[in-house]
Amino acid sequence: MWSFFSREKNDFPYEIGEEVHGLESWSIWSLHRGKKKGPVADDVSVFVYDIKGGTDAKLELARASLKRLKTLRHPSILQYLDSLETDKVLYVATESVEPLGTHIEKLETDGPQRDLYLAWGIFQITRALSFLNNDGSLRHNNVSVWSVFVNTSGEWKLGGLEYVSPVDGSPTPPLKVPPQLELYDPPEKADSAKLKSATKCSADMWALGCLVWESFNGKMRARSNLKEIENIPKSLTPLYCELVGALPAKRPNPADIITKCRKPGGFFKNELVDTLLFLEEIQIKDKAEKNRFFSALSPQLDNFPANVCRHKILPQLITAYEYGDAGSAVLAPMFKLGRLLDEAEYQKRIVPCVVKLFASTDRVTRSRLLQQLDMFVSHLQPNVVNDQIFPQVAHGFLDTNPTIREQTVKSVIHLAPKLNYNNLNVEVLRHFARLQARDDQGGIRTNTTVCLGKIAPHLHPQVRQRVLVSAFIRAMRDPFPPARVAGILALAATQQYFLLTEVATRILPALCTLTTDAEKSVRDPAFKTIKGFLGKLERVSEDPSLKETMEADVHTATPSLGNAAATWAGWAVTAVTAKFYRSQSDSSRPRPPLTSKTLSKPASLEQPSSSSLSTTTSSVTSMTSLEHESNDTSASASDYGADNWDNENWGDMDTSQDPSSPTAGNAMPLGSSALTAAGGLELRDGWDNEEWGSLEEEPNEEIEEKHEVEINDKAKPTMNCNNLSPVSDNNTNFNSNWNSDSWADGEFEPIDDVTTGNPKLDEARRKREEKKLQRQRELEARRAARGPLKLGAKKL
């Protein structure tokens, strides 16, 4: 073969490989695979005509085909790359394709997915014929499954241009080589009377009808096969009957076919065709259209053929994000399609994009990346994670938006196996210590404890031994009930990492305190965990030789979590190491709805009364609410039942505050400090105003005046995180030291204040204080001008 393809010229920039069988019986060409010479060896197809072994008539057909292929450029016509003619062979290089006649026989798809794909292919050929007949005033005269080619993206391309003729020429179909191609000629070829009524597109429309039949039925043996329409889709049957009608004048124009079939209910009106046409025109779409399109794309991808998704849709998505204004909505379908790539291709095409995206300062982009981390983290190399991704992720621990902080905590679950010692055992734990102690969102404190329980197997044994007990005991002193439950369950889930002396001297005393907790959802797991630990101690007391087995994992670098699940703490493994906390709506505790005015209340005017309770969510902030203020003003209470820990939808954590929370009725209300039930940036941070930045709104005068009455009536001082009132008589010990910044003596230094040494932040804080003082002076002036108020008075 190689001697046959030896040429006198060496300037053809493509290597010619093995032959693709099937076409040679239906064409004057033989089709070969090829590669572009050079460092980038792109795949191509090379059509070869043997000049020495052919005839002059065939050579003229080959040259005519090459001429048309060079001059006709259309998305649905075979793409020409290069050509070379020697005295022995004519070479034509095109995009990499295979004949539809062989491709359709090995289609793996079936059912609705196959119909979607065939609709897209037939649409493309119809579009190509409309271009030839209407725009180019040409007849193709050779439409069949052997003149249509399929590229790697699954697109159908019209080729076989040997017999193209002008529409104003003779309507008689030309003689074909090889003769079996005449099977696709229209019946009027043998009837001169009917031939007189032929239109510019009637012959091609007949052949298109043959192509439709073979697409759904396989190879056509005789013209009479066209009467068998059982396998033709119902939405296409009327049009198909028109295409293969006996009267050429009544066959439709391809442009009319597209218009009719693109209407609702038409054969070309489906998800795949709509998606691919949108991507072809994405440059002229506005940003709102792109966001709607990409947001709805992910669920549709399951119905699309894999080769179309991988080679057609995915490159378009990557291009749309990198070079367009598609926004972060494109990330979900892009990562979903990334699963179709092999590892080498993923590293080449997706990973560089991921690294670039993590450096984005756009909150919505960062949020989507963190949410979808599990879809691509397995493809990230440890050095890329530690050097390029984790430094960007770590900024999220200090973000002023609770959603970003919470998603950053959750992302550590996926990153932990790839993090080095310093990033995991030092940096992550320092941030966790801060969040667990000082974050104003109960859900974030709760899920920090959950996350710590999940990453425990990856921690260094010495660090793990020092940190876990201290961290979980501190969680058990949290005023937020689910945080206390998380601490209990985390102790049980990681029980194989504790020395028995720690169990007896530190863990059990802390657990016993919770047996009188005000919340039954806290007491129940506390009793259960106490019984488990006591059972261990009792077994070792009866058989001291078991101590070594009980403590085997304490100093093991890579203990097996599966072994822990088989012990008495398996129930806690399911709760803590499988699911994050998610609160539920509780109709038995109705809350007054939040209004837009509630968000405008300055924290200094809030009163800890039951009538002014408001809720906050740290994790249900949707992507839309990060971009726009939501109009949803509903609020809900929390259900702290044990079932919350096994909720399958743990990705959307709903952490509405409970009245017993420090951020609810007995502490500073969060109406002005966090998010509405639908989301938005936090307006004020009620736990540590100097540590975290805040975005304050101007106070609403009507609300200020209303709260002046409440202040004069109740005369209660505003509370901060250092003088929280007890949740109940049984919870007085929770407020004593739960918000300490370190888990063990001398173990972690507190994280430096992010505002220290930053002139811009200092200036912003100074301006906030000035505004606060100015507002107070204005309020005092209005009070003086209005005179004393009577108790119970209310200004309307």
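Scoring rules and cut-offs
- Residues numbered from 1 in each chain as written.
- Predicted model: local features only at pLDDT ≥ 70, side-chain atom pairs only at ≥ 80, totals over all residues.
- Heavy atoms only, no water.
- Helix = DSSP H or I, 4+ residues; strand = E, 2+ residues; numbered from the N terminus.
- Buried < 20%, exposed > 50% of the residue type's maximum accessible area, 1.4 Å probe, protein only.
- Contact = heavy atoms within 4.5 Å.
- Pairing = 2+ DSSP bridges.
- Axes fitted to C-alpha atoms, helices over the stretch in contact; angles between N-to-C directions.
- Phe/Tyr/Trp six-rings, centres within 6.5 Å; stacked < 30°, edge-to-face > 60°.
- Expected span 1.5 Å × (residues − 1).
- Salt bridge = Lys/Arg side-chain N within 4 Å of Asp/Glu carboxyl O.
- pLDDT = per-residue confidence, 0-100.

(A) Layout of the overall build of the protein. A count of helical and extended segments in the protein gives 28 helices and ten strands. For the protein, the proportion of its 796 residues judged to be buried stands at 55%. Within the protein, contacts between residues at least 6 apart in sequence are counted, and of these 72% link residues at least 24 apart.

(B) Region of the structure containing unusual backbone geometry. Following Val177, the chain continues to Pro178 via a peptide bond in cis, the omega torsion being 0 degrees. Here Pro178 lies in the loop between strand 10 (165-166) and helix 4 (192-195). Phi is positive for Ser137, close to 50 degrees, though the residue is something other than glycine. Mapping Ser137 onto the fold places it in the loop between helix 3 (112-135) and strand 7 (138-139). Residues other than glycine seldom take positive phi values, yet Asn141 does so here, at roughly 65 degrees. On the secondary structure map, Asn141 appears in the loop between strand 7 and strand 8 (148-151). Here Asn141 falls in the buried class, since its relative accessible area comes to 11%.

(C) The pairing of strand 4 (residues 80-85), seen in detail. Sheet topology note: the strand 4/strand 5 (residues 89-95) ladder contains five bridges and is antiparallel. Its bridge partner lying in strand 5, Asp82 is registered against Ala93. Connecting strand 4 to the antiparallel partner strand 5 that follows it, the hairpin turn spans three residues.

(D) Broad picture of the sheet that holds strand 2 (residues 30-36). The strand order across the open sheet formed by five strands is 1-2-3-5-4, and the pairing between neighbours is antiparallel. A single partner strand is all that each edge strand has here, and the edge strands are strand 1 (14-20) and strand 4. Sheet twist, expressed as the mean angle between neighbouring strand axes with direction ignored, is 30 degrees. The pairing of strand 2 with strand 3 (residues 43-50) spans six bridges and is antiparallel. Bridge pairing in strand 3 places His32 opposite Val46.

(E) Representation of the packing of aromatic side chains. Per the counting criterion, the structure on display carries 17 aromatic pairs. Ring centres of Tyr117 and Trp156 lie 6.2 Å apart, and the angle between their planes is 80 degrees; on these two criteria the pair is classed as edge-to-face. With Tyr117 in helix 3 and Trp156 in strand 9 (residues 156-158), the pair connects residues that are 39 residues apart, well separated along the chain. We note that Tyr117, like Trp156, is buried. Judged by centre distance (5.9 Å) and plane angle (20 degrees), the rings of Trp120 and Phe123 are stacked. Taken together, the positions of Trp120 and Phe123, both in helix 3 and three residues apart, correspond to about one turn of that helix.

(F) Here's a closer look at the pairing of strand 8. Across the two faces of strand 8 the burial is the same, with Val148 and Val150 and Phe149 and Asn151 all buried. Note that strand 8 and strand 9 share three bridges and pair antiparallel. Its bridge partner being in strand 9, Val148 is matched across the sheet by Leu158. The hairpin formed by strand 8 and strand 9 contains four residues between the paired strands, and Gly154 there has a positive phi angle of roughly 80 degrees.

(G) Structural context of helix 18 (residues 442-455). For helix 18, spanning 14 residues, the distance from its first C-alpha to its last is 20 Å, which sits close to the expected 20 Å at 1.5 Å a residue. Counting buried residues in helix 18 gives 14 out of 14 residues, a clear majority hidden from the surface.

(H) Structural detail: the pattern of salt bridges. Enumeration over the complete set of coordinates arrives at 31 salt bridges. Notably, a salt bridge pairs Glu280 with Arg127, separated by 3.1 Å at the nearest N-O pair. Here the residue Glu280 occupies a position in helix 8 (residues 271-280), and Arg127 occupies one in helix 3, the gap between them amounting to 153 residues. Here the residues in one salt-bridge network are Lys176, Glu182, Asp185 and Lys189, joined through shared partners.

(I) Summary view of the confidence of the model for the protein. Per-residue pLDDT for the protein averages 76, and the proportion of residues at 70 or more is 72%. By mean pLDDT, the top-scoring element of the protein is strand 9 (96), and the lowest-scoring one is helix 26 (residues 623-627) (37). The model gives residues 561-566 a pLDDT under 50, and that stretch makes eleven contacts with residues more than four places away or in other chains. Taken as a whole, residues 791-796 scores under 50 in pLDDT and shows four contacts with residues more than four places along the chain or in a different chain.

(J) Structural detail: the sheet that holds strand 8. Strands sit in the order 6-8-9 across an open sheet of three strands; the sheet is antiparallel. Unpaired on one side and paired on the other, strand 6 (97-99) and strand 9 mark the two borders of the sheet. Pairwise comparison of adjacent strand axes, ignoring direction, gives a mean angle of 40 degrees for this sheet. In this sheet, strand 8 lies alongside strand 6 in antiparallel orientation, the contact comprising three bridges. Within strand 8, the position partnered with Pro99 by the bridge is Phe149. Against the sheet, helix 3 makes contact with strand 8 and strand 9, and its axis sits at roughly 25 degrees relative to strand 9, the strand it touches most.

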